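As a plain string of letters, each chain reads:
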Amino acid sequence: MTAPNIGSKANPSQFDCYDDLAGDEPYFVIRADDPLSDALIELHAYIGAGQSGAAHNKLAEIMELTRDRPPRPSDSPKYRETFAISQAMESWRRRKPRT
């Protein structure tokens, strides 16, 4: 039998944070069925590790993957909600007491 994928509901990552989220803490999920999911996660990892060259290359790859796709209209509810979540995250971090 095959083990469940790491980072799934059935096999959470060692660093899974869902149970640690504060009740009012905004979060955003990138699912595996999003065609950009793996590239976006790699980009996040490269930036966090200070690997600017690899991050630049991954961003170029992402841009190439999306080049021929029509952009999501700026009035799309999903597009607008994504930015609202981003703003809520920034606002939440600013209000959070520093530890």
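Remember, predicted model here, so these are calculated numbers, not experimental data.

Chemist: Sorry, what's going on with the overall build of the protein here?
Modeler: The helix and strand inventory of the protein stands at three helices and zero strands. Each helix (α) and strand (β) of the protein, taken in turn from the N terminus, gives the series α-α-α. In summary, the protein has a C-alpha radius of gyration of 16 Å against a globular reference of 13 Å for 99 residues, an excess of more than 25%. By its C-alpha atoms, the protein is 45 × 40 × 30 Å across when sized along the principal axes. By the burial criterion, 12% of the 99 residues in the protein qualify as buried. The long-range fraction of contacts in the protein, counting pairs at least 24 apart against all pairs at least 6 apart in sequence, stands at 39%. Accessible area for the protein stands at about 8800 Å²; split by element, carbon and sulfur atoms hold 54% of it. Distance from the positive charge centre (13 side chains) to the negative charge centre (15 side chains) of the protein: 5 Å.

The rules behind each value
- Residues numbered from 1 in each chain as written.
- Predicted model: local features only at pLDDT ≥ 70, side-chain atom pairs only at ≥ 80, totals over all residues.
- Heavy atoms only, no water.
- Helix = DSSP H or I, 4+ residues; strand = E, 2+ residues; numbered from the N terminus.
- Rg over C-alpha atoms; globule rule 2.2 N^0.38 Å.
- Buried < 20%, exposed > 50% of the residue type's maximum accessible area, 1.4 Å probe, protein only.
- Contact = heavy atoms within 4.5 Å.
- Areas by Shrake-Rupley, 256 points an atom, 1.4 Å probe, with all protein chains shown as cover.
- Lys, Arg positive; Asp, Glu negative; His and termini not counted.
- Charge placed at Lys NZ, Arg CZ, Asp CG, Glu CD.

Structural measurements only, silent on function.
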